[in-house]
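What follows is each chain in one-letter form.
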Amino acid sequence: MDRLVFVCLANLKRSAFAQAVAQQAGLPAASFGLCAVSGQAPLGTVLRVAAEMGVSLDGHHSVDMPLFEPSAGDLYLVMELRHAHYLVRQGYPAERVALLGFWSRPQRLHLQDPHRKGPSYLRTCFTLIQSAVLNISRELKTAQAARPQP
């Protein structure tokens, strides 16, 4: 795994936040949306809630799937099972696609789109995403430390 790639629908909330958390943790990361309009910035509420959690989304602009450049070492972390199915149908390798919520605590495999759900659910969603990304980061660092050094 060379890079974590977070995937949702519009790339303005869930995947954008996950990418920022991963990068803040020192992990190589990218994100895109399955039906995004490339170049859009997150709305004020999203920026505000992320900032309250210590994560900056300043400078993030959405990327639509056709404009994303995949790499052989990418691990695709999706928010919903339907996103995983869609990626696989588009030719992305199934063994490189996983549900991000598997790593969240409490575990929530389906990280529902916070669109039109209000700031309270947005905070809940971001809290689950943040826990998942930080748990992945810990797992990767533990695995790296366990590898024999040449």
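Heads up: the structure comes first, above all this text.
Keep in mind the model is a prediction, meaning the values are calculated, not measured. (Residues numbered from 1 in each chain as written. Predicted model: local features only at pLDDT ≥ 70, side-chain atom pairs only at ≥ 80, totals over all residues. Heavy atoms only, no water.)

Observations concerning the packing of helix H1 (residues 14–24) against helix H4 (residues 119–146)
Between two packed helices, what matters for the description is the angle formed by their axes and the separation of those axes.
Thinking step 1. Two elements in contact, H1 and H4, have axes separated by 9 Å at closest approach and are oriented at 40°. In this view, H1 runs oblique relative to H4, as classed from their interaxial angle. Seen from above, H1 lies across H4 with right-handed handedness. Residue-level inspection shows Arg 14, Phe 17, Ala 18, Val 21 and Ala 22 of H1 in contact with H4, the latter providing Cys 125, Phe 126, Ile 129, Gln 130, Val 133 and Leu 134. (Axes fitted to C-alpha atoms, helices over the stretch in contact; angles between N-to-C directions. Helix = DSSP H or I, 4+ residues; strand = E, 2+ residues; numbered from the N terminus. Parallel < 35°, antiparallel > 145°, perpendicular 65-115°, else oblique. Left-handed = near helix turned anticlockwise from the far one by under 90°. Contact = heavy atoms within 4.5 Å.)

Thoughts on the nonpolar core
Thinking step 1. With 32 residues, the main nonpolar core has Phe 6, Leu 77, Leu 100 and Ile 129 as its most contacted residues.
Thinking step 2. Looking at this core, the elements that each hand over two or more residues are strand E1 (3–8), H1, helix H2 (44–52), strand E3 (74–78) and H4.
Thinking step 3. Looking at this core, the element that brings in the most residues is H4, giving nine residues.
Thinking step 4. In contact with Leu 100, other than residues within four places in its own chain, are Phe 6, Ala 18, Leu 77, Val 78, Met 79, Leu 111, Ile 129, Ala 132, Val 133 and Ile 136.
Thinking step 5. Phe 32, Leu 34, Tyr 76 and Leu 87 belong to the second-largest nonpolar core, a separate cluster that totals 15 residues. (Core = buried A, V, L, I, M, F, W, Y, C linked by side-chain atoms within 4.5 Å. Buried < 20%, exposed > 50% of the residue type's maximum accessible area, 1.4 Å probe, protein only.)

Describing helix H3 (residues 81–89)
Thinking step 1. Taken together, the buried positions of H3 are His 83, Ala 84 and Leu 87. All buried residues of H3 fall inside an arc of 100° around its axis, so they share one side.
Thinking step 2. Contacts from the buried residues of H3 go to E1, H1, strand E2 (29–33), E3 and strand E4 (97–99).
Thinking step 3. Directly beyond the C-terminal end of H3, a positive phi value near 100° is found at Gly 91. (Arc of directions from axis to C-beta.)

Structural notes on the side chain of His 60
Thinking step 1. Within the secondary structure, His 60 sits in the loop between H2 and E3.
Thinking step 2. For His 60, a relative accessible area of 11% translates into the label buried.
Thinking step 3. At 2.8 Å, the side chain of His 60 and the backbone oxygen of Asn 11 are in polar contact.
Thinking step 4. The residues touching His 60, leaving out its near neighbours within four places in the chain, are Asn 11, Ala 16, Gln 19, Ser 31, Gln 40, Ala 41 and Pro 42. (Polar contact = N/O pair within 3.5 Å; in protein donor to acceptor, adjacent residues only side chain to side chain.)

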